Amino acid sequence: VNADPENTDCLNNKGFICSQLWQIEASNIPCTDEKGRDFSGNYALTFDPLCRDDIAADLQTHCNEFVTTKELDTNRIALSTDLVWKDEICNPTIFTVQLEASMTFYDDNTFATPVEDSHLYQVGEDTIFVQVDTAFPSDTLSVFDTQLIQVYICTFDPLNAPEATSTGPIDQDAGDFGCFISDEAIRDVEYDKYFHHIYSQPDSMAYFDFNPDPSTTPESIQNIVRFSFTVPDEVARDELFIMAEIEVTLQEDLPRRRMLLSSSSSSEPTANQLQHFIKPIGINHGQEIINNK
């Protein structure tokens, strides 16, 4: 197994945290009907800690002393993370077929009527209700289960905004996708430094009144994820990009039917994937909204 970071710099523009994406390449791993393929386990990723050169001189001196005292300049740091990835299907379709998805916005937790494209959410007050529908093309694979893993929000200079709607990095560098864009010429280094990563299911982290299950309906559909959060006061742009990371569990195509997550169980082989979905929504900063209808 070869593991290398997809980016050498930090993905985000936060001075207090550095995010990186890692790609793990494996070869000659057999997939059998009896065992499938299982890459699950604890992975250790190593780092060479360095002090930033774009900070004040006193902070840089403090950082250098810390690195020297802790002997971090001669010893690499190893961070471990648990990864769950299983393929019991043994079908290359899971790597070659593009997952289809749509992100829709609502103004209440009934999720009854989507807002119009011209709808504006009031900064610091309104709650954005988000629904992501996932599906594979017919006669390929079925979405058996979905789980919300991470949610990011970000803004961009209107002249350098990314593609308005996308379903994730397939044939492109993941470090150049959506809220993972690290290019300071594109990212809002000044305007979105106070918000970025607003939800993490593995860490039980949630900000801005985040709710991973705001629906009033008693059951959830296996191919749908819903969540909500309040627009942060610090949003300065007229568009806010919302990016969701979803774990999708797939199984070979079965008769299309709706199943409840609470009772979902399958004896059929499954495989899981992580997918990213991003879409912008309009933001209002206190201006009076005139309805011409």
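Residues numbered from 1 in each chain as written. Predicted model: local features only at pLDDT ≥ 70, side-chain atom pairs only at ≥ 80, totals over all residues. Heavy atoms only, no water.

1. Regarding the state of the cysteines
On inspection of all chains with the given rule, the structure shows 3 disulfides. Linked covalently through their sulfurs, Cys-51 and Cys-63 form a disulfide whose S-S length is 2.1 Å. Its S-S torsion of approximately -95 degrees makes the covalent link between Cys-51 and Cys-63 left-handed. Placement of the pair is Cys-51 in the loop between strand 4 (41-47) and helix 1 (57-69) and Cys-63 in helix 1, with a sequence separation of 12 residues. Covalent S-S linkage joins Cys-154 and Cys-179, the inter-sulfur distance amounting to 2.0 Å. Linking Cys-154 and Cys-179, the disulfide has an S-S dihedral of approximately -80 degrees and is accordingly described as left-handed. (Disulfide = S-S within 2.5 Å. Helix = DSSP H or I, 4+ residues; strand = E, 2+ residues; numbered from the N terminus.)

2. Things to note about helix 1
With 13 residues, helix 1 extends 18 Å between its outermost C-alpha atoms, agreeing within 8% with the 18 Å of an ideal straight helix rising 1.5 Å per residue. Phi turns positive, to about 55 degrees, at Glu-71, one or two residues after helix 1. (Expected span 1.5 Å × (residues − 1).)

3. A word on the sheet that holds strand 7 (residues 100-106)
Strand order in the open sheet formed by 3 strands is 7-9-13, and the pairing between neighbours is antiparallel. The two strands at the open ends of the sheet, each matched to only one other strand, are strand 7 and strand 13 (224-230). Strand after strand, the sheet turns through a mean of 20 degrees between neighbouring axes, direction not considered. Where strand 7 meets strand 9 (residues 127-135), 7 bridges bridge the pair, whose relative direction is antiparallel. Within the sheet, the bridge partner assigned to Ser-102 lies in strand 9 and is Asp-133. (Pairing = 2+ DSSP bridges. Axes fitted to C-alpha atoms, helices over the stretch in contact; angles between N-to-C directions.)

4. Regarding the pattern of salt bridges
A full pass over the atoms with the stated rule returns 1 salt bridge. The partner of Arg-37 in a salt bridge is Asp-87, with the nearest N and O atoms 2.8 Å apart. On the criterion of sequence distance, the pair formed by Arg-37 in strand 3 (residues 37-38) and Asp-87 in strand 6 (residues 86-87) is long-range, its members being 50 residues apart. We classify Asp-87 as buried; its relative accessible area is 0%. (Salt bridge = Lys/Arg side-chain N within 4 Å of Asp/Glu carboxyl O. Buried < 20%, exposed > 50% of the residue type's maximum accessible area, 1.4 Å probe, protein only.)

5. Thoughts on the side chain of Thr-230
Among the secondary structure elements, Thr-230 is positioned in strand 13. You can call Thr-230 buried: its relative accessible area is 12%. Polar side-chain contacts of Thr-230 include one of 3.2 Å to the side chain of Asp-209. Setting aside residues no more than four positions away along its own chain, Thr-230 makes contact with Gly-124, Glu-125, Asp-126, Thr-127, Phe-208 and Asp-209. (Polar contact = N/O pair within 3.5 Å; in protein donor to acceptor, adjacent residues only side chain to side chain. Contact = heavy atoms within 4.5 Å.)

6. Here we look at the pairing of strand 13
The element strand 13 is extensively covered by neighbouring structure, given that 6 of its 7 residues are classed as buried. Pairing analysis gives 7 bridges linking strand 9 to strand 13, with the strands arranged antiparallel. Within the sheet, the bridge partner assigned to Asp-133 lies in strand 13 and is Ile-224.

7. Notes on the environment of Gly-41
Secondary-structure assignment places Gly-41 in strand 4. Along the chain, Gly-41 and Trp-85 lie 44 residues apart, while their C-alpha atoms are 8.6 Å from each other. Not counting the four nearest positions on each side in its chain, Gly-41 is found in contact with Thr-81, Asp-82 and Leu-83.

8. Here's the deal with the nonpolar core
It is characteristic of soluble globular proteins that their nonpolar side chains tend to be buried jointly. If you look at the biggest cluster of nonpolar residues, it comprises 37 residues, and the most contacted ones within it are Ile-128, Phe-227 and Ile-242. Looking at this core, the elements with two or more residues in it are strand 7, strand 9, strand 10 (141-154), strand 11 (197-200), strand 13, strand 14 (239-252) and strand 15 (270-284). Looking at which element gives the most residues to this core, the answer is strand 14, with 6 residues. Not counting chain neighbours up to four residues away, the residues in contact with Ile-128 comprise Phe-105, Tyr-106, Tyr-121, Phe-227, Ser-228, Phe-229, Val-231, Leu-240, Ile-242 and Ile-281. (Core = buried A, V, L, I, M, F, W, Y, C linked by side-chain atoms within 4.5 Å.)

9. Quick notes on the packing of aromatic side chains
Under the criterion given, the structure shown has 6 aromatic pairs. Consider the rings of Phe-156 and Phe-241, whose centres lie 5.1 Å apart with planes at 85 degrees: the pair is edge-to-face. Here Phe-241 lies in strand 14 and Phe-156 lies in the loop between strand 10 and strand 11, a separation of 85 residues in the sequence. Across from the ring centre of Phe-111, 4.5 Å away, lies the NZ or CZ of Arg-226, which sits over that ring. (Phe/Tyr/Trp six-rings, centres within 6.5 Å; stacked < 30°, edge-to-face > 60°. Lys NZ or Arg CZ within 6 Å of the ring centre and 35° of its normal.)

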